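Here is how the chains run, residue by residue.
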Amino acid sequence: MEPHRLSAADARRVAIRAQRLDARRPTQLVPLVRDLTLLQIDPTAAIAPNADLVAWSRLGSTYDPDELVRALELDRSLFELNALIRPIEDLALYRADMAGAPSYETSRAWLRDNGPFHRDVLALLRDTGPLTSREIPDTSVVAWPSSGWTNNRNVTRMLEVLALRGEVAIAGRRRRERIWDLAERVYPPDLPAIPSVEAARLRNERRLGSLGIARAKSPAMPMEPADVGEAGEPAVVEGLDGVWRVDPRLLDGEFAGRTALLSPFDRLLHNRVRTLELFGFDYTLEMYKPAAQRRWGYFALPILHGDRLVGKLDARADRKAGVLAVTAVHEDEVFSAKTRRAVDHEIADLATWLGLEVSS
């Protein structure tokens with residue numbers, strides 16, 4: 001079909017609307033996660049845990065992190081797999097592929113060599129119920145080899161492999177520590193396994209719905225792909241090369257923007273190449289850099305205003321002192337008085353949600 005022809009502003013607004021960051025705020029957590037398709041878990045909590053920070057950016061200070069705990073551990077309307085939180089119904093899109101996990105031969109060989117260990121873990125969970133990895137004995141035959149921090153962390157690695165295979169699942173958390181159980185006691189018993197080819201197509205459609213506009217093919221990304229195959233319809237964007245895929249449901253209607261502070265892991269800008277193309281926004285998470293080499297700060301929050309990404313907030317939550325310590329607001333272009341007020345309002349709302357006072 002003939003590609004849709006979008007202005008640069010049209011493309012940005014499609015992306016913002018898809019991520020539920022326009023003026024029409026969502027009001028409930030689980031429907032929000034269905035729209036976004038996922039919340040990423042990350043151990044960094046300079047402001048707040050990433051999943052909660054992403055939810056707050058959309059829902060505002062009425063969002064209670066206990067809602068996420070209830071959805072994961074009591075209602076089972078969400079589930080956690082491979083450091084991503086998804087709607088439970090989306091598990092059907094991954095079950096067919098679980099039988100072939102893990103995908104790397106080295107991991108498959110390690111699992112085969114540790115058959116008795118595999119059986120020991122399942123038997124213990126079946127007999128005792130949910131356990132943390134520290135409560136499960138290491139009966140491995142062959143140690144997990146790695147040049148990184150996972151070297152010889154055999155119980156954790158076995159649980160993660162079995163989770164990818166759909167044999168065990170995360171039943172909850174004790175603070176940050178995962179609690180594991182048999183998948184049959186965590187996941188719904190009647191959830192279908194959609195065949196792999198159909199599931200891949202549906203995953204692409206779901207992903208495009210959450211991104212609004214994306215490339216059919218793009219470089220591999222950790223944890224979740226950034227491309228969408230043939231989902232949606234073709235589009236060309238003014239000033240940009242090549243053809244995009246767009247969700248046509250997001251092309252109509254008036255756009256009303258707002259101001260939002262975003263996590264560095266927010267899906268609006270997680271794909272830095274796409275972010276630079278669509279928004280002209282240069283951003284790098286700098287917590288891995290020496291302090292002297294940082295331009296914007298340890299965990300700078302990108303600032304969305306209307307249909308533009310306009311700056312970065314360098315702030316940290318100092319819970320011991322009871323303050324949200326604001327080091328700087330970096331303006332990519334000089335803010336108008338109206339933009340400044342809107343950004344200040346979001347900083348105050350963030351502090352209110354955290355139960356802290358703003359300190360600058």
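Just so it is clear, the structure is predicted and the values come from calculations on it, not from any experiment. (Residues numbered from 1 in each chain as written. Predicted model: local features only at pLDDT ≥ 70, side-chain atom pairs only at ≥ 80, totals over all residues. Heavy atoms only, no water.)

Taken in spatial order, the three strands line up as β2-β4-β3 in an open sheet, and their pairing is antiparallel. Each edge of the open sheet carries a strand with a single partner, namely β2 (39–40) and β3 (78–81). Across two bridges, β2 lies against strand β4 (residues 84–87) in antiparallel orientation. Bridging from a neighbouring strand, Q40 pairs with L84 of β4. (Pairing = 2+ DSSP bridges. Helix = DSSP H or I, 4+ residues; strand = E, 2+ residues; numbered from the N terminus.)

Residues of helix α4 (residues 65–73) that are buried: L68, A71 and L72. Projected down its long axis, α4 shows its buried positions confined to an angular sector of 95 degrees, all on one face. For α4, the secondary structure elements touched by its buried residues are α2 (29–36), β2, α3 (50–59), β3 and β4. Of the residues that open α4, the one with a side-chain oxygen 2.9 Å from the backbone nitrogen of D66 is D64. (Buried < 20%, exposed > 50% of the residue type's maximum accessible area, 1.4 Å probe, protein only. Arc of directions from axis to C-beta. Contact = heavy atoms within 4.5 Å. Polar contact = N/O pair within 3.5 Å; in protein donor to acceptor, adjacent residues only side chain to side chain.)

Our focus in this paragraph is the packing of aromatic side chains. All told, the structure shown has seven aromatic pairs when counted by the stated rule. Summarising the aromatic geometry, the rings of F265 and F299 are spaced 6.3 Å apart at their centres and angled 50 degrees between planes, so their arrangement reads as tilted. Residue F265 is found in the loop between β11 (259–261) and α10 (272–279), and its partner F299 is found in the loop between α10 and β12 (301–305); the two are separated by 34 residues along the sequence. In this pair, the class of F265 matches that of F299, namely buried. For the ring pair F281 and Y283, a centre distance of 6.2 Å and an interplane angle of 5 degrees mean the geometry is stacked. For F281, a relative accessible area of 2% corresponds to the buried category. One aromatic cluster in this structure is built from W56, Y63 and W353. (Phe/Tyr/Trp six-rings, centres within 6.5 Å; stacked < 30°, edge-to-face > 60°.)

Strand pairing within a sheet occurs via backbone hydrogen bonds; the two strands may be parallel or antiparallel. Pairing is antiparallel in the open sheet, where three strands are placed in the order β5-β7-β6. Edge positions in the sheet fall to β5 (131–132) and β6 (168–174), since each has one partner strand and no second. Here β6 pairs with strand β7 (residues 177–182) via six bridges, running antiparallel. Pairing of R173 across the sheet is with R178, part of β7. On the sheet, helix α8 (residues 154–164) packs against β6 and β7 and is oriented at approximately 55 degrees with respect to β7. (Axes fitted to C-alpha atoms, helices over the stretch in contact; angles between N-to-C directions.)

As a further point, take the packing of α2 against α3. Remark: α2 packs on α3, axes separated minimally by 11 Å, with the N-to-C direction vectors making an angle of 105 degrees. Classed by the angle they form, the pair α2 and α3 counts as roughly perpendicular. Taken together, the residues of α3 that come into contact with α2 (itself represented by L29, L32 and L36) are V54, A55, R58 and L59. (Parallel < 35°, antiparallel > 145°, perpendicular 65-115°, else oblique.)

The full count for this structure, using the stated rule, is 32 salt bridges. One salt bridge in this structure joins R12 and D307, with 3.6 Å as the shortest N-O distance. Residue R12 is found in helix α1 (residues 8–18), and its partner D307 is found in the loop between β12 and β13 (308–318); the two are separated by 295 residues along the sequence. Per residue, the accessibility class of R12 equals that of D307, and both read buried. The partner of E286 in a salt bridge is R295, with the nearest N and O atoms 3.8 Å apart. When salt bridges that share partners are traced, they join R12, R13 and D307 into one network. (Salt bridge = Lys/Arg side-chain N within 4 Å of Asp/Glu carboxyl O.)

By the secondary structure assignment, Q19 is in the loop between α1 and α2. Here Q19 falls in the buried class, since its relative accessible area comes to 2%. Reaching out from Q19, the side chain makes a polar contact with the backbone oxygen of S210 at a distance of 2.8 Å. When neighbours within four sequence positions are excluded, Q19 is seen to be in contact with L36, R58, S210, D266, R267 and L268.

So, on to the nonpolar core. Note that soluble globular proteins tend to have their nonpolar side chains buried in a common cluster. Grouped together as the largest cluster of nonpolar side chains are 69 residues, with contacts concentrated most on I47, I213, L324 and L350. Beyond its immediate chain neighbours, meaning those up to four positions away, I213 contacts L6, A11, V14, A15, L208, V237, W244, R245, V246, R274 and L278. Ranked by size, the runner-up nonpolar core spans 30 residues in total, among them A92, L131, W144 and M158. (Core = buried A, V, L, I, M, F, W, Y, C linked by side-chain atoms within 4.5 Å.)

The next point concerns the side chain of E80. Locating E80 in the fold gives a position in strand β3. Judged by relative accessible area, which is 7%, E80 ranks as buried. Only 2.6 Å separates the side chain of E80 from the side chain of R173, close enough to count as a polar contact. When neighbours within four sequence positions are excluded, E80 is seen to be in contact with I41, L72, I85, I170, R173, R178 and Y187.

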